[in-house]
Every structure is written in structure tokens, then in C-alpha cells.
Amino acid sequence: MKFLISACILGVPCRYDGKSKPSEQIEELMLRHTLIPICPETAGGLPTPRTPCEIVGAKVISKNGEDRTLQYMNGAKKCLELFKKEGCDGVILKTKSPSCGKGLVYDGSFGGTLTSGDGITAKLFKFYGIKIYTEEDIPLLLNR
Ligand code: SF4
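Remember, it's a predicted structure, so these values are computed and weren't measured experimentally.

A. Representation of the site of the ligand. By nearness alone, 14 residues border the ligand, and C8, C14, C39, E41 and C100 come closest of all. The pocket occupied by the ligand, as judged from atoms lying within 2 Å of grid points, is the largest pocket. For the shell around the ligand, the elements supplying multiple residues, two or more each, are α1 (7-10) and α3 (40-43). Taken together, the residues of the shell around the ligand sort by class into seven nonpolar, three polar and four charged.

Right, here's the structure in full:
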């Protein structure tokens, strides 16, 4: 199967802090499926490292108060275009991110509290009915 995958799960140091978050079993997954890396935040024009952002209402705001909604939206749209162009079967996204998070994101207080909701890119994929997995689903995907 073919998936778009959050690049930081693959080991690309594209997180806000300039680090990656490689998942265990990622090499096994690479052998079994075609994985195409995406990072919606950098695709939307944000640098690495960058000031962390959280979702506040309908906007994405950085820790120092700048509105980054446009960059997040642009990055999400580019990832959706790539998904369609590549004819992917689904996406594997990093949990809790304001872009990639599925089901749970930080609550906008920058206090480390999670709340229910989706990141901007996850929300767009969900709107289009695209199957979303997270790095926690990798063991399941190894059996496909
Ligand atoms: Fe990883 Fe997604 Fe954040 Fe990029 S936007 S660093 S892929 S969680």
C-alpha cells in the first residue's frame, strides 16, 4: 500500500525544535509499504526550527502570539494535492501535532494540556474521507 507519512516519524528533523521523532518499526514499515514523507508546516513555508504553535479557536497561533493559520492551511492543501497526485491509500500522521494530530491536540494554552480535536492537515484529510492512521497504528499496518 502507499501512504503519505509525517516526515518526523521517518526520522527527518523537521519538528519545531529541529528534532525528529522516529517511530520504532519504521524500517519494517518501509519494507512493507511505499511511504512518501510530508511535513505540512515546512510545506506551508515555516522554517525549522520554529516557534511552536497551537490551535486557538479557528486559528493557529505561535507561542509568541503570531497568527500562523495561513501557513498551516497552505501546507495542508499541498499535502492533499500530493496525496491525490500519488494516488495514496491513506496517511500516517504524528499524534498531537497542530498540523498532523488526529483526535487530540494541545489546547492553545501552551501548558501541555491536550484536548479533543484534529490538527489542520488531519482535519482536511478527514474532510475528504481519507483514511488516517497514526504512528500508534504502525504495528497494525505491518500486518496489512
Ligand atoms: Fe512532524 Fe507533522 Fe510537525 Fe511536520 S508538521 S514536524 S510532519 S508533526
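B. Structural view of the state of the cysteines. Within this structure, the stated rule accounts for zero disulfides. Looking at C14, it has no disulfide partner, and the nearest cysteine sulfur is the one in C39, 3.9 Å off. C39 sits in the buried class, given a relative accessible area of 15%.

C. Local environment of the packing of helix α4 (residues 69-86) against helix α5 (residues 120-127). Running from N to C, α4 and α5 cross one another at 45 degrees; their axes reach a closest spacing of 9 Å. For the element pair α4 / α5, the angle class is oblique. Crossing hand, α4 versus α5: right-handed. Counted together, Y72, M73, A76, K77, C79, L80 and F83 of α4 and I120, T121, L124 and F125 of α5 form the full contact between these two elements. Grouping the constituent residues of the contact of α4 with α5 by class yields nine nonpolar, one polar and one charged.

D. Up close: the sheet that holds strand β8 (residues 132-134). In space, the four strands of this open sheet follow the order β2-β1-β5-β8, with parallel pairing throughout. Since the sheet does not close on itself, it has two edges, and those belong to β2 (34-38) and β8, each with one partner. When the angles between neighbouring strand axes are averaged without regard to direction, this sheet yields 30 degrees. Alignment of strand β1 (residues 2-6) against β2, held across five bridges, turns out to be parallel. Across the sheet, the residue bridging to S6 is I38, located in β2.

E. Structural context of the packing of aromatic side chains. Counted by the stated rule, this structure contains three aromatic pairs. Judged by centre distance (5.8 Å) and plane angle (90 degrees), the rings of F3 and Y133 are edge-to-face. Here the residue F3 occupies a position in strand β1, and Y133 occupies one in strand β8, the gap between them amounting to 130 residues. Of the residues examined, F3 reaches a relative accessible area of 0% and is grouped as buried. Its relative accessible area of 6% is what places Y133 among the buried residues. Relative to F125, the ring of F83 lies with its centre 5.9 Å away and its plane at 50 degrees, an arrangement referred to as tilted. Of the two residues, F83 sits in helix α4 while F125 sits in helix α5, which places them 42 residues apart along the sequence. F125 matches F83 in its accessibility class, with the two residues each being buried. The side chain of K84 reaches across the aromatic face of Y128, ending 4.9 Å from its centre. Stacked on the ring of Y133, the Lys or Arg K131 has its end atom at 5.4 Å from the ring centre.

Each value, and the rule that gives it
- Residues numbered from 1 in each chain as written.
- Predicted model: local features only at pLDDT ≥ 70, side-chain atom pairs only at ≥ 80, totals over all residues.
- Heavy atoms only, no water.
- Near = heavy atom within 4 Å.
- 1 Å grid on protein atoms, 1.4 Å probe; cavity = no way out; pocket = protein on both sides within 12 Å on 5 of 7 lines; lining within 4 Å.
- Sits in = over half its atoms within 2 Å of the grid points.
- Helix = DSSP H or I, 4+ residues; strand = E, 2+ residues; numbered from the N terminus.
- Nonpolar A, V, L, I, M, F, W, Y, C, P; charged D, E, K, R; others polar.
- Disulfide = S-S within 2.5 Å.
- Buried < 20%, exposed > 50% of the residue type's maximum accessible area, 1.4 Å probe, protein only.
- Axes fitted to C-alpha atoms, helices over the stretch in contact; angles between N-to-C directions.
- Parallel < 35°, antiparallel > 145°, perpendicular 65-115°, else oblique.
- Left-handed = near helix turned anticlockwise from the far one by under 90°.
- Contact = heavy atoms within 4.5 Å.
- Pairing = 2+ DSSP bridges.
- Phe/Tyr/Trp six-rings, centres within 6.5 Å; stacked < 30°, edge-to-face > 60°.
- Lys NZ or Arg CZ within 6 Å of the ring centre and 35° of its normal.

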